[in-house]
Amino acid sequence: AAHASSTKSAGATFFGIALANWGRRRCKQLFIAWHRRATAMAWSDKVRRIQHKWDEQCTMIREDADEREDELRLQLGESEERIEVLEKARKDLETGLIEIAKTRA
């Protein structure tokens, strides 16, 4: 009977050790899986933050470019008006010079 109980306890011990080892392996697998997921999430979070910063920068650059374009269009409009005024003045001057030349001739 003593032999049977020692075999039984040896079996139970073996089973306990096997269970503990399986538990450790499973725990390690779960930890690795969690760590990979956490790392992936941390990376995706970093990427998301960087992407957000890039989006902000791009938006600022776009807004600056739009403002600059508006300013340039305004200046261009003013320049075109000045050119029209100068062309009219040149034509008036030419007409005046022709009239003066006619009266002198």
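Our subject is the structure that appears above.
Conventions used here
- Residues numbered from 1 in each chain as written.
- Predicted model: local features only at pLDDT ≥ 70, side-chain atom pairs only at ≥ 80, totals over all residues.
- Heavy atoms only, no water.
- Helix = DSSP H or I, 4+ residues; strand = E, 2+ residues; numbered from the N terminus.
- Buried < 20%, exposed > 50% of the residue type's maximum accessible area, 1.4 Å probe, protein only.
- Salt bridge = Lys/Arg side-chain N within 4 Å of Asp/Glu carboxyl O.

Colleague: How should the environment of Ser79 be read in this particular structure?
Modeller: Checked against the element boundaries, Ser79 lands in helix α1 (residues 2-104). By relative accessible area, Ser79 is classed as partly exposed at 29%. Taking C-alpha positions, Ser79 is 55 Å from Met41, a pair spaced 38 residues apart along the chain.

Colleague: When you look at the pattern of salt bridges in this model, what are you seeing that I'm missing?
Modeller: A side chain of one charge can pair with a side chain of the opposite charge when the charged atoms of the two come close. Within the structure shown, the criterion is met by 7 salt bridges. The closest approach of N and O atoms between Asp45 and Arg49, which form a salt bridge, is 2.7 Å. Taken together, the residues span about one helical turn, with Asp45 and Arg49 both in helix α1 at a distance of 4 residues. For Asp45, a relative accessible area of 30% corresponds to the partly exposed category. Linked by salt bridges that have partners in common, Asp45, Arg48 and Arg49 make up one network.

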